[in-house]
Number of protein chains: 2
Amino acid sequence: MSAEIRAIGHNGLMNSRAVIPPRATRSERKRQTREALLEAALEQLEDRGFGSLSLREVARSAGIVPTGFYRHFDGMDELGLALVEESFRTLRQMIRSARAGRTDMTNVIRASVEILVRHVHEHRLHFRFIARERSSGVPVIRRAIHNEIRLFSSELAVDLARMPFLSDWSGEDLHMVSGLLVDTMVSTAEAILDADPGDPAAEREIVRAAEKRLLLIALGVPQWRPAGRESAAAGAATAT
Amino acid sequence: MSAEIRAIGHNGLMNSRAVIPPRATRSERKRQTREALLEAALEQLEDRGFGSLSLREVARSAGIVPTGFYRHFDGMDELGLALVEESFRTLRQMIRSARAGRTDMTNVIRASVEILVRHVHEHRLHFRFIARERSSGVPVIRRAIHNEIRLFSSELAVDLARMPFLSDWSGEDLHMVSGLLVDTMVSTAEAILDADPGDPAAEREIVRAAEKRLLLIALGVPQWRPAGRESAAAGAATAT
DNA sequence: ACTTTCGGTGCACAGATGTTCACCGAACTC
DNA sequence: GAGTTCGGTGAACATCTGTGCACCGAAAGT
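Residues numbered from 1 in each chain as written. Chains lettered and ligands numbered in written order. Predicted model: local features only at pLDDT ≥ 70, side-chain atom pairs only at ≥ 80, totals over all residues. Heavy atoms only, no water.

(A) Spotlight on the confidence of the model for chain A. Residues and elements named next belong to chain A. For chain A, per-residue confidence averages 86 on the pLDDT scale, and residues scoring 70 or more make up 82% of the total. When the criterion is pLDDT under 50, residues 1-21 qualifies, and its contacts beyond four places in sequence or with other chains add up to 15 contacts. For residues 229-240, every residue scores under 50 in pLDDT, and the model assigns this stretch 8 contacts once sequence neighbours within four places are set aside. (pLDDT = per-residue confidence, 0-100. Contact = heavy atoms within 4.5 Å.)

This is the structure we're talking about:
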């Protein structure tokens, strides 16, 4: 059944349900309160882990009664998984915009970091959620996030393989570097989330450091197994 | 130690403390139950975040009654901060042993990763604690861990400054690379913690990837501003 | 041998939590 | 227009939580 009426997007960040949407089809209203539940959970993650969220409190600040919660999810875990899905949907959207603007690669590093930072600001709560729950708390959510990130890293490896100076790299090495890049980006996102919003100096410092990190990694790439032979020989790497 | 649940609702005259060393000075026994509380908390972090730990449950599995908890900490937060301190004490101990064995630096990477892995196994619960609570949950604990890690990164920067090929680096750049190294190590530790113990193949893979990451970073170092002036060496990433 | 200190106990309380159940009324189906 | 679906309600439950209080008994101090 298509026929979805598209009303205005969402009701802003207000934590209470405020006034009831006057006119809406039933499934549309259901979708709205479902979104309100997700939003309420995201907001309450400011000073608590997902595992310490209470169903009642989430329902309350979403504007419904505790038992109404079960009309949408059959427990907090399912709500959490929905949050993972939603968060990574916006993340993939970020990747798309990153791929879109990659005409020249002279400043690919700067551009990537800038896109990352912009999306962290635009979807702060989503990033905070995955940053917070990535390593912590409820196992099922941790697993889900880890799977998404791994998948994500694999996609980046495929992208990297297309680049000229990486075209002859082994799959294992490609995945290594993509993993390193992803982890670096994750660290950067976490740093930005921790730095308080409204302090542009601190954020610029983070961005600066992130760009340097990525540049350092990029500088290592041409030196990777320069002779095609094995072996590490860290000290052996010489300048051109 | 005694993680067993005391099923009976009202304990009669059963000595709940299990067996304790019969002879001990009072302050020594206090230290012991304090340690039991810390241990109990660490163990219960397996499938929950620190924020969802309950004072009662921790006290129970430590073998004391809930109110007895307050003889040692005045709340779970303080217990958490004690855990942070304890955990980083063992971490610094690791660093010392890392510094001890650095005779030759041909395989400094391999040696570092190996030390990291060994300590993760030896102090699994401590590492799991800081990995879990690093980004999540209770703000006060998160801050404490972040401060420790930042301090830690600074110390590493000082160490790096002593190395010949890094001696002329600026403080900012040194801190950048130390931060990158620390984050990489943290990621490696998290990966090892996630991989189940007893699967040596998976772990070898993680170690292998970690060594490659560090090598790639190391290979970038000699290329870092080779002429001392602007102009990043590889055409990879300069821009305005 | 006395007094003090203090880690640990037991009880009690008010509040919060997840989940059940029967019920309502407006939106949907026919 | 009659009947059904279904998102939301409110009361009730058993259970768990953190914390205050008075008390105990043995170790420590004198």
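From this point on, the discussion continues.
(B) The arrangement of the protein's contact with DNA strand C in detail. Residues in contact with DNA strand C amount to 22 residues; listed here are only the nearest, A:Thr25, A:Arg56, A:Tyr70, B:Arg71 and B:His72. For DNA strand C, the backbone makes up 48% of the atoms found within 4 Å of the protein, where backbone means sugar plus phosphate. Between DNA strand C and A:Leu55 there is a distance of 2.9 Å, counted from a phosphate oxygen to a backbone nitrogen or oxygen. In this structure, A:Tyr70 approaches DNA strand C through a side-chain N or O atom, which is 2.6 Å from a phosphate oxygen. Mapped by element, the contributors of at least two residues to the surface near DNA strand C are helix H2 (55-62) of chain A together with helix H1 (26-44) of chain B. It is H2(A) that contributes the most residues to the surface near DNA strand C, 4 residues altogether. Tallied by class, residues from the surface near DNA strand C come to 4 nonpolar, 9 polar and 9 charged. (Near = heavy atom within 4 Å. Polar contact = N/O pair within 3.5 Å; in protein donor to acceptor, adjacent residues only side chain to side chain. Helix = DSSP H or I, 4+ residues; strand = E, 2+ residues; numbered from the N terminus. Nonpolar A, V, L, I, M, F, W, Y, C, P; charged D, E, K, R; others polar.)

(C) Structural view of the environment of A:His146. Mapped onto the elements of the fold, A:His146 is located in helix H6 (residues 139-161). Sequence separation of A:His146 and A:Glu133 is 13 residues, and the distance between their C-alpha atoms is 9.8 Å. With residues up to four places along the chain from it excluded, the contact list for A:His146 reads A:Arg134 and B:Asp194.

(D) Highlighting the packing of helix H3 (residues 76-100) of chain B against helix H5 (residues 124-133) of chain B. All names here are of chain B. Where H3 meets H5, the closest approach of the two axes is 9 Å, and the angle between their N-to-C directions is 120°. The handedness of the crossing between H3 and H5 is left-handed. Facing H3, whose interface residues are Gly80, Leu83, Val84, Glu86, Ser87, Phe88, Thr90, Leu91 and Met94, H5 presents His126, Phe127, Phe129 and Ile130. Residues belonging to the contact of H3 with H5 are distributed by class as follows: 8 nonpolar, 4 polar and 1 charged. (Axes fitted to C-alpha atoms, helices over the stretch in contact; angles between N-to-C directions. Left-handed = near helix turned anticlockwise from the far one by under 90°.)

(E) Summary view of the pattern of salt bridges. By the definition in use, this model includes 30 salt bridges over all chains. Salt-bridge contacts for B:Lys212 lead to A:Asp173; the nearest nitrogen and oxygen are separated by 2.4 Å. Of this pair, B:Lys212 sits in helix H8 (residues 200-220) while A:Asp173 is found in helix H7 (residues 171-194), placing the two residues in two different chains. Residues B:Arg118 and B:Glu122 are paired through a salt bridge, measuring 3.8 Å at the closest nitrogen-oxygen approach. (Salt bridge = Lys/Arg side-chain N within 4 Å of Asp/Glu carboxyl O.)

(F) Quick peek at the relation of the copies chain B and chain A. You can overlay chain B on chain A at an RMSD of 0.1 Å; the transform is a turn of 180° with a shift of 0.0 Å along its axis. Taken together, the turn and the small shift mark the pair as related by a two-fold rotation axis. Among all residues of chain B, the minimum C-alpha distance to the rotation axis is found for B:Gly220, at 1.8 Å. Here 92% of the contact residues of chain B are again contact residues in chain A; the copies associate through an equivalent surface. (Least-squares fit on C-alpha atoms with pLDDT ≥ 70 in both.)

(G) How the structure looks around the packing of aromatic side chains. Residue and element names in this part refer to chain A. On inspection of all chains with the given rule, the structure shows 8 aromatic pairs over all chains. Ring centres 6.2 Å apart and planes at 70° place the aromatic pair Phe50 and Phe129 in the edge-to-face group. With Phe50 in the loop between helix H1 (26-44) and H2 and Phe129 in helix H5 (residues 124-133), the pair connects residues that are 79 residues apart, well separated along the chain. Both residues of the pair, Phe50 and Phe129, count as buried. Seen in terms of ring centroids, Phe69 and Phe73 are 5.8 Å apart; in terms of plane orientation they differ by 45°. Their pairing is tilted. An aromatic cluster is built from Phe69, Tyr70 and Phe73, whose rings are joined through pairwise contacts. (Phe/Tyr/Trp six-rings, centres within 6.5 Å; stacked < 30°, edge-to-face > 60°. Buried < 20%, exposed > 50% of the residue type's maximum accessible area, 1.4 Å probe, protein only.)

(H) Geometry of the protein's contact with DNA strand D. Every one of the 20 residues lining DNA strand D counts as a neighbour, but A:Arg71, A:His72, B:Arg56, B:Thr67 and B:Tyr70 are closest to it. Among the atoms of DNA strand D lying within 4 Å of the protein, the sugar-phosphate backbone contributes 45%. One of the side-chain nitrogen or oxygen atoms of A:His72 is found 2.6 Å away from a phosphate oxygen of DNA strand D. At the level of elements, H1 of chain A together with helix H2 (55-62) of chain B are the ones that each hand at least two residues to the surface near DNA strand D. With 4 residues, the single largest contributor to the surface near DNA strand D is H2(B). Grouping the amino acids of the surface near DNA strand D by side-chain chemistry returns 5 nonpolar, 7 polar and 8 charged.

(I) Up close: a positive patch on the surface. A contiguous patch of positive charge, built from A:Lys30, A:Arg34, A:Arg71 and A:Arg89, is present on the exposed surface. Relative to the helices and strands, A:Arg71 is located in the loop between H2 and helix H3 (76-100). (Patch = residues over 30% accessible without salt bridge, like charges linked within 9 Å, V, L, I, M, F, W, Y side chains within 5 Å. Areas by Shrake-Rupley, 256 points an atom, 1.4 Å probe, with all protein chains shown as cover. Lys, Arg positive; Asp, Glu negative; His and termini not counted. Charge placed at Lys NZ, Arg CZ, Asp CG, Glu CD.)

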